[in-house]
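Per-entry structural report
Chain by chain, the residues run as shown.
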Amino acid sequence: FMYHQFVFAPTPSTRRRTKKPECAHKFHTVGGAIVPVFRTCIFLATTLKVLALSATASAFLVAPAPPRGVAAPVGRVVQRRLHSYLQTTRMSMATGMNRGMEPSGSKSYTSIDAASDPDVIAESSVDPYVGTALATVREAYCAEHSDIPARASEALQFVEHETSSKLSRGYMLSGALVASSLTMMVQMSGATNVLEIGTYSGYTAIALASTGATVTTIDSFEDEPESEAVFHAGVAKSCLPISLLKMKALDALNMLIASPPATPFDFVFIDADKTEQIKYYELLMGHPEVWGAGGDGRTCTMVVDNTLWYSRVLRSVGDPADICTQAVKDFSRHVKNDARSFVTMLPLRDGITVIQKV
């Protein structure tokens, strides 16, 4: 109340010129001297409150997610609102101190600017998988700064050239960044026996085998028969341990179930018929003698390509005749709701989903 009276007290020019009681005059004189003190105290109290709330909410936001099937203590809506509030508060308190910003007084440069910057996008063609010129350039930049084992680089360049110059579906080749990512995943998981379902011209098979793992790939080459010649030429050039099961994927999986490999496959890469992916997944998940962890207790990994499917999965209403898009959506929903697996979807080119058996 005292603070309100002093802040909003009338100025001398508007104050009634009436004689005030002596006690009121003394009170005003003293109050005028302590108003700055009150203001400072209130500012400090508010600042401390904001900092305390920021620290508490930050700890909440970085807390690990609860186990599958356990309800979160705070609803997602509350979490999003807290996150939005913290961002606004921190930005207002740290004006001019953000990383990556231009000097004070200059406009910051972000990816929004890069999307229309001729110096960035130039006249590059747009990859239909990623959809924009900027995304295409960003992926090319990432690929340029990513590694592939040297033992496979020459063979991969050969397959890429042959695919683009001789085959009609060159867009189906996974690309350097996906190949590098798969290579990294195999090396990090310690996998030694890899199964590939769908190889097209052999690009990813060679990348997977470059890790030192033994690779078995399944493909009937029915989509484009000419791709088989490129596959064999690339594998021969690589001199890597790659074997082929030339048959339909479901037939090959059933054959492997009937006659399991000596060592279970501990890494699977799927880039095949989208309408049968749930069947592939269930067959592998239900037969640990085919896809399972090794004796040392390592987890087994499955990677599925094209889970964003030209971004068509983002549409709420699509073409009713587009059965592949619905199949991709159904697969993603299926594995996400399966308590036997831990799933991460990555926006890498056309989307890849990484699955670990738990």
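What comes next concerns the included structure. All values derive from a computational prediction rather than experimental measurement.

1. So, helix α13 (residues 323–336)
Three- or four-residue spacings in an α-helix give side chains the same orientation, since the helix completes a turn every 3.6 residues. An ideal rise of 1.5 Å per residue puts 20 Å on 14 residues; α13 measures up with 20 Å between its terminal C-alpha atoms. Restricting attention to buried positions, one finds in α13 the residues Thr325, Ala327, Val328, Phe331, Ser332 and Val335. In an axial view of α13, the angular spread of the buried residues amounts to 165 degrees, which keeps them on one side of the axis. Buried residues in α13 make contact with α12 (277–285), β5 (301–305), β6 (341–346) and β7 (352–357).

2. Describing unusual backbone geometry
The backbone of Asn306 sits at a positive phi, close to 65 degrees, despite the residue not being glycine. With respect to the element layout, Asn306 can be found in the loop between β5 and α13. Given the relative accessible area of 7%, Asn306 is considered buried. Here Tyr310, not a glycine, exhibits a phi torsion of approximately 55 degrees, which is positive.

3. As for the packing of aromatic side chains
The geometry of two aromatic rings is summed up by the distance between their centres and the angle between their planes. Across all of its chains, the model carries four aromatic pairs by this definition. When the ring of Tyr129 is compared with that of Tyr310, the centres are 4.8 Å apart and the planes differ by 20 degrees; the resulting orientation is stacked. Separated by 181 residues along the polypeptide, Tyr129 in the loop between α5 (118–121) and α6 (133–144) and Tyr310 in the loop between β5 and α13 bring together distant segments of the chain. Take Tyr310: its relative accessible area is 23%, and that puts it in the partly exposed class. Geometrically, the ring pair formed by Trp309 and Tyr310 is edge-to-face, given 5.3 Å between the ring centres and 70 degrees between the ring planes. Linked through ring pairs, Tyr129, Trp309 and Tyr310 together constitute an aromatic cluster. Sitting over the ring of Phe158, Lys237 keeps its end group 5.5 Å from the ring centre.

4. Quick word on the environment of Leu173
Here Leu173 lies in the loop between α7 (150–166) and α8 (176–189). Relative accessible area serves as the criterion here: at 9%, Leu173 is assigned to the buried category. Here the alpha-carbon distance between Leu173 and Ser201, two residues 28 residues apart in the chain, equals 7.4 Å. If we ignore the near neighbours within four places in the chain, the residues touching Leu173 are Val159, Glu160, Thr163, Tyr200, Ser201, Tyr203 and Arg349.

5. Brief notes about the pairing of β7
Most of β7 sits inside the fold, with five of its six residues counted as buried. Pairing of β5 with β7, which is carried by five bridges, proceeds in the antiparallel orientation. Within the sheet, the bridge partner assigned to Val304 lies in β7 and is Thr353. Pairing between β6 and β7: six bridges, direction antiparallel. By the bridge assignment, Phe342 is partnered in β7 with Gln356.

Thresholds, definitions, all that
Residues numbered from 1 in each chain as written. Predicted model: local features only at pLDDT ≥ 70, side-chain atom pairs only at ≥ 80, totals over all residues. Heavy atoms only, no water. Helix = DSSP H or I, 4+ residues; strand = E, 2+ residues; numbered from the N terminus. Expected span 1.5 Å × (residues − 1). Buried < 20%, exposed > 50% of the residue type's maximum accessible area, 1.4 Å probe, protein only. Arc of directions from axis to C-beta. Contact = heavy atoms within 4.5 Å. Phe/Tyr/Trp six-rings, centres within 6.5 Å; stacked < 30°, edge-to-face > 60°. Lys NZ or Arg CZ within 6 Å of the ring centre and 35° of its normal. Pairing = 2+ DSSP bridges.

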